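# A structural walkthrough
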Amino acid sequence: GSGSMGTMMVIKILQGAATAFQPPGLNSVTLGIVGATGFTRQVSRNIMMRHVGTAIFAAIASLMAYALYPNIGALFAVSLLFCGGFVYNLRRIKPQQIDTDAARGLIERSKTMEEYELADETNEALWKALQEKRLQESQNVELSYRGGGG
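## Examining the confidence of the model for the protein chain
Of the residues in the protein chain, 89% have a pLDDT of 70 or more, and the chain-wide mean is 82. Mean pLDDT in the protein chain bottoms out at helix H4 (residues 113–149), which sits at 73, and peaks at helix H3 (residues 100–103), which reaches 88.

## Details of the pattern of salt bridges
The full count for this structure, using the stated rule, is one salt bridge. Of the charged contacts in the structure, one is a salt bridge between Arg104 and Asp101, with a shortest N-O distance of 3.4 Å. When its relative accessible area of 29% is taken as the criterion, Asp101 is described as partly exposed.

## Concerning the packing of aromatic side chains
Aromatic ring pairs are described here by two measures, namely the spacing of the ring centres and the angle between the planes. Scanning the model with the defined rule gives one aromatic pair in all. Residues Phe57 and Phe82 carry aromatic rings whose centres are separated by 5.3 Å and whose planes lie at 85° to one another, so their mutual orientation is edge-to-face. Taken as a pair, Phe57 in helix H1 (residues 2–68) and Phe82 in helix H2 (residues 76–91) lie far apart in primary sequence, 25 residues in all. Judged by its relative accessible area of 28%, Phe57 falls in the partly exposed class.

## Some remarks on unusual backbone geometry
Glycine aside, a negative phi is what most residues show, and trans is what most peptide bonds show. A cis amide bond links Tyr69 to the next residue, Pro70, at an omega of 5°. Within the secondary structure, Pro70 is located in the loop between H1 and H2.

Cut-off values and rules
- Residues numbered from 1 in each chain as written.
- Predicted model: local features only at pLDDT ≥ 70, side-chain atom pairs only at ≥ 80, totals over all residues.
- Heavy atoms only, no water.
- pLDDT = per-residue confidence, 0-100.
- Helix = DSSP H or I, 4+ residues; strand = E, 2+ residues; numbered from the N terminus.
- Salt bridge = Lys/Arg side-chain N within 4 Å of Asp/Glu carboxyl O.
- Buried < 20%, exposed > 50% of the residue type's maximum accessible area, 1.4 Å probe, protein only.
- Phe/Tyr/Trp six-rings, centres within 6.5 Å; stacked < 30°, edge-to-face > 60°.

Here is the structure:
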């Protein structure tokens, strides 16, 4: 009836308000952790992971809708589950990991950025080693192909 429509409208208004505050809040936390120098790279990672989460959410919701049809009211549980995961991971960030001056844009480089730069350097070194190994393997295949066919 009309009561459920009113409830749904209130829920959607609250959801819209929360959605309006989430991106700037996350960007402030990101800026406070990585500083301006690492901001673009980290925001792109955040967006990529948000898209992955959206795809997983859509897959789970679709499977639930298919399995539960026509009683699909339980689909709201998926939203709660993902919201709980978001809050859990947000709470894992310790206050001392956020440089408040960097979060406000007062300084360009966050004091906490060093550990993330080290992680990036390690990842980049591993990626470069993997690329070199693949190149070497492809050259070995090419040499064995030339040797076997000639």
